[in-house]
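So you can see what is in the structure, the chains are spelled out below.
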Amino acid sequence: MDMKAAVPFFELDDVSKVFNVKRRVERRWLDRMDAAQVRAVNRVSLRIARGETLAIVGESGSGKSTLANVMSRVTPASEGSMRLDGDELTAAAPALLQAFRRRVQMVFQDPSSSLNPRQTVEDIVGLPLRLGGMRSPKERRARVRELLESVQMPADTLLRTPMSLSGGQKQRINIARALALRPELLILDEPTSALDVSVQARILNLLAALKAQYGLTYVIITHDLGVVRAIADRIAVMYLGQVVETGTADEIMRRPRHPYTRALIGAIPVVHESDRVFIPATEVLDGETPSLLDPPVHCAFYSRCAFREDACRTRPAPELVADAHDHAVRCHRNPSDPANRDLSGEKT
Ligand SMILES: Nc1ncnc2c1ncn2[C@@H]1O[C@H](COP(=O)(O)OP(=O)(O)OP(=O)(O)O)[C@@H](O)[C@H]1O
Ligand SMILES: [Mg+2]
């Protein structure tokens, strides 16, 4: 048996990102800034198989971009471990990290601000090639042409600057740059959210075509469940830095279990009624999201949960527990969690 086959392609174990921040403390006779910490990513564990598309969803501020930056090593994790093909990355040797940076590429959240408006497309897409050791300008130009073709941009785009390009074209250039060093995993942070709806669909089609052509693995960050439905194999739902539910896209869209996921899915417009479960209107989100500066010790979703019970406030925060189909939920109502047997009963 091939042992590699048993090793997940990309794996995160209990990964956290803690930021040091300043917090304003105001009392009647006092107004000063105190040092504080926020745990923007809180003990996230994920397994990503080669060739799959994992969508990470959640509201603004749930920690999606921070997680993406940690996964692509744009920023180091504060705690936990990450492995690519079984190789530990958190404390890896520089050579291994250099290889990692080639193999894992990131497409950043805002297509406009991630491109220098005064550089030509040739310079932008050619930069990773130059840094990767491709010295000959002629060779680089040929490769940039090839990359432009693969993102379906005309060859004469080469000498243009981002200022003269549309939002969708800029995103194609971002994608071309990310593909320059032939990565295996692409992490895309909200790849379509800044674009018009018709352009969104074309970018999603392009991503699907590139994935098939180059055998890529995708992690797509989005708050748009329509995007998720179009392309995801698996979904991880984040709330306040934690993964609260994860499973196959089909399981999560048809049998969402976490009250937060149910409310998110309930809020998307339905095109085909058979596409998803019916979520009663009583399961809408209300209440306030807790502050990361002062997170609750009980379940983080308590303040907004349509199903909350007193026990959800008195018990320690629930763990993420999977059922036999690898569908994991962080909720006291999760019948798969042995800690909840006394509580769940017939309710779920
Ligand atoms: N460099 C930083 N220093 C301090 N706090 C930060 C930093 N970066 C992010 N945060 C905080 O971490 C939390 C998560 O932010 P993040 O940008 O990851 O959320 P997000 O899910 O990507 O949101 P959005 O959908 O708006 O892009 C937020 O509360 C944010 O204020
Ligand atoms: Mg973000």
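Conventions adopted
Residues numbered from 1 in each chain as written. Chains lettered and ligands numbered in written order. Predicted model: local features only at pLDDT ≥ 70, side-chain atom pairs only at ≥ 80, totals over all residues. Heavy atoms only, no water. Phe/Tyr/Trp six-rings, centres within 6.5 Å; stacked < 30°, edge-to-face > 60°. Lys NZ or Arg CZ within 6 Å of the ring centre and 35° of its normal. Pairing = 2+ DSSP bridges. Helix = DSSP H or I, 4+ residues; strand = E, 2+ residues; numbered from the N terminus. Donors = N, O, S within 2.8 Å, 3.2 Å for Na, K, Ca; no water. Buried < 20%, exposed > 50% of the residue type's maximum accessible area, 1.4 Å probe, protein only. Contact = heavy atoms within 4.5 Å. Lys, Arg positive; Asp, Glu negative; His and termini not counted. Salt bridge = Lys/Arg side-chain N within 4 Å of Asp/Glu carboxyl O. pLDDT = per-residue confidence, 0-100. Core = buried A, V, L, I, M, F, W, Y, C linked by side-chain atoms within 4.5 Å.

1. Digging into the packing of aromatic side chains
Okay, so step 1: On inspection of all chains with the given rule, the structure shows four aromatic pairs.
Okay, so step 2: By way of ring pairs, the aromatic residues Tyr239, Tyr260 and Phe301 are connected into one cluster.
Okay, so step 3: When the ring centre of Tyr302 is taken as origin, the NZ or CZ atom of Arg308, which lies over that ring, is 5.4 Å away.

2. Here we look at the sheet that holds strand 5 (residues 87-88)
Okay, so step 1: Spatially, four strands are ordered 2-1-4-5 in an open sheet, and the strand pairing comes out antiparallel. If you trace the sheet from one side to the other, it starts and ends with strand 2 (30-48) and strand 5, each paired once.
Okay, so step 2: With 15 bridges joining them, strand 1 (residues 10-27) and strand 2 adopt antiparallel strand pairing. Its bridge partner lying in strand 2, Lys17 is registered against Val41.

3. Focus on the coordination of the magnesium ion (ligand 2)
Okay, so step 1: Coordination sphere of the magnesium ion (ligand 2), protein contribution only: Ser65 (OG) and Gln109 (OE1), at 2.0 to 2.5 Å. One end of the pair, Ser65, is in helix 1 (residues 64-71); the other, Gln109, is in the loop between strand 6 (104-107) and helix 3 (121-131), with 44 residues separating them in the sequence.
Okay, so step 2: On the basis of relative accessible area, Gln109 is assigned to the partly exposed category, the value being 37%.

4. Re the side chain of Thr75
Okay, so step 1: Mapping Thr75 onto the fold places it in the loop between helix 1 and strand 4 (79-84).
Okay, so step 2: Sequence-distant contacts of Thr75, defined by excluding residues within four places in its chain, comprise Lys17, Asn69 and Val70.

5. Considerations on the side chain of Arg73
Okay, so step 1: The residue Arg73 is located in the loop between helix 1 and strand 4 in this model.
Okay, so step 2: Of the side chains bearing the opposite charge, Glu88 lies closest to the buried Arg73, which forms no salt bridge; the N-O distance is 7.2 Å.
Okay, so step 3: Those residues in contact with Arg73 that sit more than four places away from it in its chain are Met82, Leu89, Thr90, Leu97, Phe100 and Arg101.

6. Quick notes on the confidence of the model for the protein chain
Okay, so step 1: Here the protein chain averages 89 in pLDDT, while 93% of its residues score no lower than 70.
Okay, so step 2: Residue range residues 344-348 is modelled with pLDDT below 50. Its contacts to residues more than four positions away, or to other chains, number six contacts.

7. A look at helix 3
Okay, so step 1: Looking only at helix 3, the buried set comprises Val121, Glu122, Ile124, Val125, Gly126, Pro128 and Leu129.
Okay, so step 2: Those residues of helix 3 that are buried lie in contact with helix 4 (137-150) and helix 5 (167-179).
Okay, so step 3: Just downstream of helix 3 lies Gly133, where phi reads positive at about 105°.

8. Some thoughts on the nonpolar core
Okay, so step 1: In terms of nonpolar packing, the biggest core is built from 35 residues, with Val151, Ile173, Ile175, Leu179, Leu207, Leu210 and Tyr218 touching the most fellow members.
Okay, so step 2: Mapped by element, the contributors of at least two residues to this core are helix 3, helix 4, helix 5, strand 7 (185-189), helix 6 (197-214), strand 8 (217-222) and helix 7 (225-231).
Okay, so step 3: For this core, the element with the highest residue contribution is helix 6, accounting for six residues.
Okay, so step 4: Sequence-distant contacts of Ile175, that is, excluding residues within four places in its chain, are made with Val107, Val151, Ile203, Leu206, Leu207 and Leu210.
Okay, so step 5: Membership of the second largest hydrophobic core comes to 29 residues, among which are Ala68, Ala92, Met106 and Val243.

9. Quick look at unusual backbone geometry
Residues apart from glycine generally show negative phi values, whereas peptide bonds are mostly found in trans.
Okay, so step 1: One non-glycine residue, Asp85, lies in the positive phi region at around 50°.
Okay, so step 2: Here Asp85 lies in the loop between strand 4 and strand 5.
Okay, so step 3: Even without glycine at this site, Arg182 takes up a positive phi of about 50°.
Okay, so step 4: Its place among the elements puts Arg182 in the loop between helix 5 and strand 7.

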